[in-house]
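Take a look at the letters that make up each chain.
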Amino acid sequence: MMERKYLFLDYLTCIGCETCQTVCDFIHDGNPHIRIYVTKNKQYVPINCKHCDDAPCVKVCPTQAIYRDEDGAVRIAEDRCIGCLGCLQVCPYGVPFYSLKVKAVTKCDMCAERREEGMEPACALMCPAEAIQYGPLEMVVELVNERRAKNIPEHRRELTEGELKESVSSGFRVF
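Nothing here was measured: the structure is a model prediction, and the numbers come from that model.

**Focus: the overall build of the protein**
Moving on, step 1. What the protein contains, in helices and strands, is 7 helices and 8 strands.
Moving on, step 2. The proportion of buried residues among the 175 residues of the protein is 39%.
Moving on, step 3. Restricting to contacts in the protein with at least 6 residues of sequence separation, those with at least 24 account for 56%.
Moving on, step 4. About 11000 Å² of surface is accessible on the protein, with carbon and sulfur atoms providing 55% of the total.

**Description of the pattern of salt bridges**
Moving on, step 1. Applying the stated criterion across every chain yields a total of 7 salt bridges.
Moving on, step 2. Asp-10 is the partner of Arg-147 in a salt bridge, and the nearest nitrogen-oxygen pair spans 3.0 Å. Taken together, the positions of Arg-147 in helix 6 (residues 137–155) and Asp-10 in the loop between strand 1 (5–9) and helix 1 (19–27) put the pair 137 residues apart, joining distant regions of the chain. For the pair Arg-147 and Asp-10, a shared accessibility class is recorded, and that class is buried.
Moving on, step 3. Residues Arg-75 and Glu-116 are paired through a salt bridge, measuring 3.8 Å at the closest nitrogen-oxygen approach. With Arg-75 in strand 5 (residues 74–76) and Glu-116 in helix 4 (residues 112–116), this residue pair connects regions lying 41 residues apart in the sequence.

Quick notes on the rules
- Residues numbered from 1 in each chain as written.
- Predicted model: local features only at pLDDT ≥ 70, side-chain atom pairs only at ≥ 80, totals over all residues.
- Heavy atoms only, no water.
- Helix = DSSP H or I, 4+ residues; strand = E, 2+ residues; numbered from the N terminus.
- Buried < 20%, exposed > 50% of the residue type's maximum accessible area, 1.4 Å probe, protein only.
- Contact = heavy atoms within 4.5 Å.
- Areas by Shrake-Rupley, 256 points an atom, 1.4 Å probe, with all protein chains shown as cover.
- Salt bridge = Lys/Arg side-chain N within 4 Å of Asp/Glu carboxyl O.

The following block contains the structure:
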């Protein structure tokens, strides 16, 4: 097995341009495997498969259609998927979805075809803010640590009175 690769999404760096979603939509014929959500406080949150170390979707699949490839990506062999939807029920991120076009469950495969040709996932390549990083864990962690060290003052902010009240009413404890 080759060294495991990771796809990391840096939410503090994401500018919400939806380039990742658009390029994924193009590559996967209208089925983007990454989606941008916007929180109430206008933070952009790209959501895709996290390729969990101990992926519950792999464990629950009765036909072994879900497996981990040589780069560490959790993939679905669509021809073996029977559409039981067990993976949808156990995914903590709500990522897999049933595709009427493919007639099987599908999700991010870290651009398997591109990786087989020695290229990185399209979302990481195309992100203009470089919020999506792909590589070995050590490289990704080092990059994230460098960014955080440089940007601590930039990202530090005080909660507004309205945000504080909303947090408290939502059950968060504030000291």
